[in-house]
Amino acid sequence: MAIIKEVYTRKVSGDTFDYELDYTPGADVGWIARVYHDGVLKGSPHGALTANVLTGPALEQYLRAYVEGMIERGLDVAE
């Protein structure tokens with residue numbers, strides 16, 4: 001299992017969120033992110049990427065972009 005810890009600032013509101021993204025690399029990637037705002041858990045978006053061919057930095061970039069897109073749109077993340 002790999003872990004990514006990042007901070008994301010919404011473009012529209014300027015609100016800052018910390019998130020921790022856990023994932024298992026491989027052909028079938030399972031992932032879960034825990035998203036916090038001011039230290040309070042606001043959501044745990046999760047999913048799977050099947051028939052995956054991405055590895056290393058490319059996989060991390062894909063997962064970061066996906067989670068940050070969910071934060072930006074408020075999907076699975078409380079206000």
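The following paragraphs examine the structure supplied in this document. None of the values given here were measured: they were computed from a predicted structure.

Here we look at the overall build of the protein
Reasoning step 1: Scanning the protein for helices and strands turns up 1 helix and 5 strands.
Reasoning step 2: A globule of 79 residues ought to have a C-alpha radius of gyration of about 12 Å, and the protein, at 12 Å, matches this closely.
Reasoning step 3: By principal-axis analysis of the C-alpha atoms, the protein measures approximately 35 × 20 × 20 Å.
Reasoning step 4: When the 79 residues of the protein are sorted by exposure, 33% land in the buried category.
Reasoning step 5: Across the protein, contacts joining residues at least 24 apart in sequence account for 35% of those joining residues at least 6 apart.

Focus: the nonpolar core
Soluble globular proteins: nonpolar side chains tend toward being buried together.
Reasoning step 1: Grouped together as the largest cluster of nonpolar side chains are 18 residues, with contacts concentrated most on Tyr19, Leu21, Tyr23, Trp31, Leu63, Val67 and Ile71.
Reasoning step 2: Looking at this core, the elements with two or more residues in it are β1 (2-9), β2 (16-24), β3 (29-37) and α1 (56-73).
Reasoning step 3: A total of 5 residues in this core trace back to one element, the largest contributor, which is α1.
Reasoning step 4: Beyond its immediate sequence surroundings of up to four residues, Ile71 is in contact with Tyr8, Arg10, Phe17, Tyr19, Val35 and Val77.

What about the side chain of Asn52?
Reasoning step 1: For Asn52, the location among the structural elements is in the loop between β5 (46-49) and α1.
Reasoning step 2: Reaching out from Asn52, the side chain makes a polar contact with the backbone oxygen of Gly26 at a distance of 2.9 Å.
Reasoning step 3: Leaving out residues up to four positions away in the same chain, Asn52 has contacts with Gly26, Ala27, Val29 and Leu59.

Brief notes about unusual backbone geometry
Reasoning step 1: The residue Asp38 is not glycine, and still its phi comes out positive at about 55°.
Reasoning step 2: Along the chain, the position of Asp38 falls in the loop between β3 and β4 (40-43).
Reasoning step 3: Phi is positive for Ala51, close to 55°, though the residue is something other than glycine.
Reasoning step 4: Tracing the sequence through the fold places Ala51 in the loop between β5 and α1.
Reasoning step 5: With relative accessibility at 65%, the residue Ala51 sits in the exposed group.

Definitions and cut-offs
Residues numbered from 1 in each chain as written. Predicted model: local features only at pLDDT ≥ 70, side-chain atom pairs only at ≥ 80, totals over all residues. Heavy atoms only, no water. Helix = DSSP H or I, 4+ residues; strand = E, 2+ residues; numbered from the N terminus. Rg over C-alpha atoms; globule rule 2.2 N^0.38 Å. Buried < 20%, exposed > 50% of the residue type's maximum accessible area, 1.4 Å probe, protein only. Contact = heavy atoms within 4.5 Å. Core = buried A, V, L, I, M, F, W, Y, C linked by side-chain atoms within 4.5 Å. Polar contact = N/O pair within 3.5 Å; in protein donor to acceptor, adjacent residues only side chain to side chain.

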